[in-house]
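Observations on the model geometry
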Amino acid sequence: MTFMVLDENNHPCILPRMKPESSGDGERRYREAIARRKIRLDRKYVISCKQSEVPLSVPWDPCNQVYLSYNNVSALKMLVSKTDWVLASEINKVQLYTLEDGKFLSFKVEIIVSTDARQTFNLLSDLSRRTEWDGYYKECQLLQQVNEDDAIYHVVCTVSSTDGKLQDFIILASRRPPCDVGDPYVVAFRSVSLPAHPPCDEYTRGETLCSGFCIWSQGPMTKISYYNQFTPGIVSQVTTNISGLSTDFANTYQACEEFLLANTKDSNQP
């Protein structure tokens with residue numbers, strides 16, 4: 001059975017967490033139900049990731065860098081503009097949403113922090129500092145500073161692939177300030193391939209199709225939304241959080257908030 005409670009605006013509300021009976025089979029049945037939900041999500045989401053059977057990375061071409069950077073940002077903005085996001089869980093004010101859009105499946109993590117939006121943008125757009133708060137980032141090395149607003153990084157994640165190796169990525173990061181009042185700061189990521197940094201035996205080369213941050217100023221507060229289109233390499237990680245078997249997303253973005261609060265005075269670069 002699926003239960004849904006709507007508020008006065010017909011938006012779904014988060015139901016209180018169920019507490020299984022401590023005696024008898026209540027606890028066992030509760031755990032089995034969560035496990036079945038994760039299995040169903042894994043099957044559903046793996047099928048929806050068939051687009052990843054072809055390479056997602058685009059070759060980095062300095063002669064075409066303006067187009068590649070523009071496409072990186074516009075792809076994220078198109079994902080942000082979708083309106084059918086469904087709230088999957090909320091823990092300690094960190095909200096996790098999912099979106100089914102044709103053959104693509106995406107997730108969004110949202111949090112509101114008491115920091116300045118521009119300073120938040122400066123900190124989150126420096127991908128080399130993400131290891132300070134994101135436990136999924138093991139290493140991050142700047143490979144090429146393309147221009148003031150675009151850079152290419154080599155990222156090593158703590159998540160292992162099916163072959164037991166850690167995953168690595170070659171990421172194009174494109175940052176853009178707001179174009180108009182009410183627009184967000186944007187930090188977009190996508191995979192690219194560099195001839196000087198081909199896949200190596202030490203890691204399994206992963207790919208991200210479209211991901212990134214949108215940062216909105218809301219008076220003294222700042223709303224941060226992180227978006228990611230599913231790829232097979234992160235399916236289990238996401239479904240574990242959706243099904244309630246893990247609170248990794250909430251823990252990660254609480255750590256992000258602590259990082260921002262501790263470093264806003266040091267983020268005054270232009």
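Details of the structure are given in the entry above.
Figured I'd write up the structure that's included with this text. Note that the structure is predicted; figures quoted are calculated from it, not measured.

1. Notes on the overall build of the chain
Each helix and strand counted, the chain has 5 helices and 13 strands in total. Sequence separation of at least 24 residues holds for 58% of the intrachain contacts in the chain that already meet a minimum separation of 6. Put simply, the chain shows about 14,800 Å² of open surface, and 53% of that area lies on carbon and sulfur atoms.

2. Describing the pattern of salt bridges
Applying the stated criterion to the full structure yields 7 salt bridges. Residue Asp134 pairs with Arg130 through a salt bridge whose shortest N-O separation is 2.9 Å. By relative accessible area, Asp134 is classed as buried at 4%. Note that Asp149 and Arg175 form a salt bridge whose closest N and O atoms lie 3.4 Å from each other.

3. Observations concerning the packing of aromatic side chains
Per the stated rule, a full pass over the model turns up 9 aromatic pairs. In textbook terms, an aromatic cluster arises when at least three aromatic residues are bridged by ring pairs, as seen for Phe107, Trp133, Phe189, Phe213, Tyr226, Phe249 and Tyr253. Cation over ring: Lys108 sits above Tyr97, and NZ or CZ is 4.5 Å from the ring centre. Sitting over the face of the ring of Trp216, Lys223 holds its NZ or CZ atom 4.7 Å from the ring centroid.

4. Quick look at a nonpolar patch on the surface
A contiguous nonpolar surface patch, about 300 Å² in accessible area, is contributed by Phe3, Val5 and Leu15. Among the secondary structure elements, Val5 is positioned in strand E1 (residues 5-6).

5. Examining the environment of Cys157
Mapped onto the secondary structure, Cys157 falls in strand E8 (residues 150-160). Judged by its relative accessible area of 11%, Cys157 falls in the buried class. A sequence separation of 11 residues divides Cys157 from Asp168, and the C-alpha atoms of the two residues are 6.0 Å apart. When residues no more than four places from it in sequence are discounted, the contact partners of Cys157 are Tyr136, Lys138, Leu166, Gln167 and Phe169.

6. Some points on helix H2 (residues 65-80)
Spanning 16 residues, H2 covers 23 Å between terminal C-alpha atoms, matching the ideal 22 Å at 1.5 Å per step. Taken residue by residue, H2 has Leu68, Ser69, Asn72, Val73, Ser74, Leu76, Leu79 and Val80 as its buried positions.

7. Some thoughts on the packing of helix H3 (residues 117-124) against helix H5 (residues 248-263)
The description of two packed helices rests on the angle between their axes and on the distance between the axes. It is at 10 Å that the axes of H3 and H5 come closest, and there the two elements cross at 110 degrees. Here H3 lies roughly perpendicular to H5, going by the angle between them. Along this stretch, H3 crosses H5, giving a crossing that reads as right-handed. The segment H3 lies against H5, with Thr120, Leu123 and Leu124 engaging Cys256, Phe259, Leu260 and Asn263. For the contact of H3 with H5, the per-class residue count stands at 5 nonpolar, 2 polar and no charged.

8. Focus on the nonpolar core
Leu124, Leu127, Val155, Phe213, Tyr253 and Leu260 are the most contacted members of the largest nonpolar core, which totals 35 residues. Here this core takes 6 residues from H5, the largest share from any one element. Look past the residues within four positions of Val155 in its chain and what remains in contact with it is Leu127, Tyr137, Glu139, Cys140, Gln167, Asp168, Phe169 and Ile171. Counting 13 residues, the second-largest nonpolar core is a separate cluster that includes Leu79, Trp85, Ala188 and Tyr227.

9. Structural notes on the environment of Tyr97
Within the secondary structure, Tyr97 sits in strand E5 (residues 94-101). Expressed as a C-alpha distance, the spacing of Tyr97 and Trp85, which sit 12 residues apart in the sequence, is 5.9 Å. Contact partners of Tyr97, with chain neighbours within four places excluded, come to Trp85, Val86, Leu87, Ala88, Ser106, Phe107, Lys108 and Glu110. A distance of 2.9 Å separates a polar atom in the side chain of Tyr97 from a polar atom in the side chain of Gln95.

10. Quick word on the pairing of strand E4 (residues 86-91)
Two strands pair when backbone bridges link them, and E4 and E5 are joined in this way by 5 bridges, in the antiparallel orientation. Residue pairing for E5: Val86 is matched across the bridge by Thr98. Between E4 and E5, which pair antiparallel one after the other, the connecting turn spans 2 residues, and Asn92 there sits at a positive phi close to 50 degrees.

Cut-offs applied
- Residues numbered from 1 in each chain as written.
- Predicted model: local features only at pLDDT ≥ 70, side-chain atom pairs only at ≥ 80, totals over all residues.
- Heavy atoms only, no water.
- Helix = DSSP H or I, 4+ residues; strand = E, 2+ residues; numbered from the N terminus.
- Contact = heavy atoms within 4.5 Å.
- Areas by Shrake-Rupley, 256 points an atom, 1.4 Å probe, with all protein chains shown as cover.
- Salt bridge = Lys/Arg side-chain N within 4 Å of Asp/Glu carboxyl O.
- Buried < 20%, exposed > 50% of the residue type's maximum accessible area, 1.4 Å probe, protein only.
- Phe/Tyr/Trp six-rings, centres within 6.5 Å; stacked < 30°, edge-to-face > 60°.
- Lys NZ or Arg CZ within 6 Å of the ring centre and 35° of its normal.
- Patch = residues over 30% accessible without salt bridge, like charges linked within 9 Å, V, L, I, M, F, W, Y side chains within 5 Å.
- Expected span 1.5 Å × (residues − 1).
- Axes fitted to C-alpha atoms, helices over the stretch in contact; angles between N-to-C directions.
- Parallel < 35°, antiparallel > 145°, perpendicular 65-115°, else oblique.
- Left-handed = near helix turned anticlockwise from the far one by under 90°.
- Nonpolar A, V, L, I, M, F, W, Y, C, P; charged D, E, K, R; others polar.
- Core = buried A, V, L, I, M, F, W, Y, C linked by side-chain atoms within 4.5 Å.
- Polar contact = N/O pair within 3.5 Å; in protein donor to acceptor, adjacent residues only side chain to side chain.
- Pairing = 2+ DSSP bridges.

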